[in-house]
Amino acid sequence: MNRETPALPNGFRVSRRNFVRIASAASAVALVRIATEADLAFAQRVRPLTNVPPDAILINANENPLGPCVQACSAMADLGVKGGRYEYGMTTELLKTFAEMEGLKPEYVRAYPGSSEPLHYTVLAFTSPEKSLVVGDPSYEAPMQAAAFSKAKIHKVPLTATYAHDVKAMIAADPNAGVLYICNPNNPTGTTTTREEIEYALANKPKGSILMVDEAYIHFSDAKPVLDLVAADKEIVVLRTFSKIYGMAGLRCGFVIARPDLLAKLDPYGWNSMPVTAVVAAKTSLKSRDLVPERKKINADIRNDVFSWLTANKYSFVPSESNCFMVDVKRPGKQFIQAMEAKKVYIGRIWPAWPTHVRITVGTKPEMEAFKKAFKESMEAPVVASLVPEIADPWPEERPYPSLS
């Protein structure tokens, strides 16, 4: 049989240094676990997943209960006959479609099954024991999981009084930082950081570092996107996903957008062919002009109704522009999660910086009505000790994660 030579990216030459870099990266990929929102959402469950009742309310993982749009579902059904092929050309067409819509060159966009892989690979590529990771606190935990493997020091910077990222404090955290991570809107607070603050961070970040802006939830808010900063060849990496407003969390499709030379830093970590159903659903969703504004309004109307109810009942919460928010339950958050699960309402996890706050995902109107009832009953019940032992932290920062198959 003839041996096939693997194709390398254009302009990539294998030198001794590159070989060592590729080998090290391959070892990292073999060991690192890609932490997704699904992993993190279920890691703090107080009961096994197999015990979740079929009629449970699931508002714990920032999923979109609307699912893929009708047009995307139809396109996936029609594509079934091509499920036996890799269909690389379809991914190329998806990238071209997105790039044209956003005023980008196609070579500035790369597709992955969700945005979790490029998030982790960016942290692995740009941090090290000498180059730290700087994040807001509380914020999405996945970058810290990757930094734990690269043995990078992690600097957690508290959010401002308005729950934005404190960009000046983040810049000052470490002159040798490798990555500054801003989730905008932020997960878990659903709050935004202004475009001006992001530009300030980009202009004043430590020399040699990159700014990673996670725009997973951007479509739910009025926050200004920053893809034009990529087009302007700035030292910025932007993440996008179809998991949130497009309702494709189970289908897995996302983008990393950056200058080609920055994307090249991710090459040693590899990438796989995309699921054809995810690709066609993503492309179809992008072409549906009314999809984003319609879903943005649906989410905002339900979210604001819940906020009005929380305010009327004098419950403390963080005003959000996203599909999730934080509410202060005035007791250990894990106890409250357990109390809600007993009522078959599954809410989000806690963050160590805010131990009495729990994250709530905005569900459908009926789901949020069920949430209101269970929440009020749980808040009015006496605080009791947990009857179920709290599980140990499944994501300790020093842990080398097993590989995902």
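The coordinates are above.
This structure is a prediction, so every number in the text was calculated from the model and none was measured.

### Some thoughts on helix 5 (residues 116-126)
- In terms of burial, helix 5 is a largely internal element, nine of the 11 residues being buried.
- Of all the positions in helix 5, only S116, P118, L119, H120, Y121, T122, V123, L124 and F126 are classed as buried.

### Focus: helix 6 (residues 142-149)
- Burial runs high along helix 6: eight of the eight residues are buried.
- Taken together, the buried positions of helix 6 are occupied by A142, P143, M144, Q145, A146, A147, A148 and F149.

### Some words on the pattern of salt bridges
- All chains considered together, the criterion is met by 18 salt bridges.
- R195 is the partner of D228 in a salt bridge, and the nearest nitrogen-oxygen pair spans 2.6 Å. Taken as a pair, D228 in helix 9 (residues 227-231) and R195 in helix 8 (residues 195-204) lie far apart in primary sequence, 33 residues in all.
- The buried category is assigned to R195, whose relative accessible area is 13%.
- Note that D305 is salt-bridged to K365, the shortest N-O span being 4.0 Å. Separated by 60 residues along the polypeptide, D305 in helix 12 (residues 291-312) and K365 in helix 14 (residues 365-380) bring together distant segments of the chain.

### Focus on the nonpolar core
- In this structure, L211, I236, F255 and I257 are the most contacted members of the largest nonpolar core, which totals 53 residues.
- Broken down by element, the residue count for this core peaks at seven residues, all from helix 11 (residues 276-286).
- Beyond its immediate stretch of four places on either side in the chain, I236 contacts L202, L211, V213, V226, L229, V230, I257, A258 and L262.
- Ranked by size, the runner-up nonpolar core spans 30 residues in total, among them M144, F149, Y181 and C183.

### Re the sheet that holds strand 12 (residues 357-361)
- Spatially, three strands are ordered 9-10-12 in an open sheet, and the strand pairing comes out antiparallel. A single partner strand is all that each edge strand has here, and the edge strands are strand 9 (316-317) and strand 12.
- Inspection of the sheet shows strand 9 paired to strand 10 (residues 324-328) by two bridges, in the antiparallel sense. Its bridge partner lying in strand 10, S316 is registered against D328.

### Points about the packing of aromatic side chains
- Going through the model one piece at a time under the given rule, you end up with 14 aromatic pairs.
- Taken together, a centroid distance of 4.5 Å and an interplanar angle of 45 degrees make the contact between F98 and F255 tilted. Separated by 157 residues along the polypeptide, F98 in helix 4 (residues 88-102) and F255 in strand 8 (residues 254-257) bring together distant segments of the chain.
- With a centroid separation of 5.7 Å and 45 degrees between ring planes, the pair formed by W309 and Y315 is classed as tilted. In this pair, the class of W309 matches that of Y315, namely buried.
- Lying over the aromatic face of W271, R110 brings its terminal NZ or CZ to 4.1 Å of the ring centre.
- We note K168 situated over the ring of Y200; from NZ or CZ to the ring centre the distance is 5.5 Å.

### Topic: the sheet that holds strand 7 (residues 236-241)
- Spatially, 2-8-7-6-5-3-4 is the arrangement adopted by the seven strands of the open sheet, whose pairing is mixed. Both outer strands of the open sheet, strand 2 (109-112) and strand 4 (154-158), are each paired with one neighbouring strand and no more. Ignoring which end each strand starts from, the neighbouring axes of this sheet average 20 degrees apart.
- Here strand 2 runs beside strand 8; their pairing, made up of four bridges, is antiparallel. Its bridge partner being in strand 8, V109 is matched across the sheet by I257.
- Contacting strand 2, strand 7 and strand 8, helix 4 crosses the sheet at an angle of about 130 degrees to strand 2.
- Running over the sheet, helix 6 touches strand 3 (132-137), strand 4 and strand 5 (177-183) and is turned about 155 degrees from strand 3.

Calculation notes
- Residues numbered from 1 in each chain as written.
- Predicted model: local features only at pLDDT ≥ 70, side-chain atom pairs only at ≥ 80, totals over all residues.
- Heavy atoms only, no water.
- Buried < 20%, exposed > 50% of the residue type's maximum accessible area, 1.4 Å probe, protein only.
- Helix = DSSP H or I, 4+ residues; strand = E, 2+ residues; numbered from the N terminus.
- Salt bridge = Lys/Arg side-chain N within 4 Å of Asp/Glu carboxyl O.
- Core = buried A, V, L, I, M, F, W, Y, C linked by side-chain atoms within 4.5 Å.
- Contact = heavy atoms within 4.5 Å.
- Pairing = 2+ DSSP bridges.
- Phe/Tyr/Trp six-rings, centres within 6.5 Å; stacked < 30°, edge-to-face > 60°.
- Lys NZ or Arg CZ within 6 Å of the ring centre and 35° of its normal.
- Axes fitted to C-alpha atoms, helices over the stretch in contact; angles between N-to-C directions.

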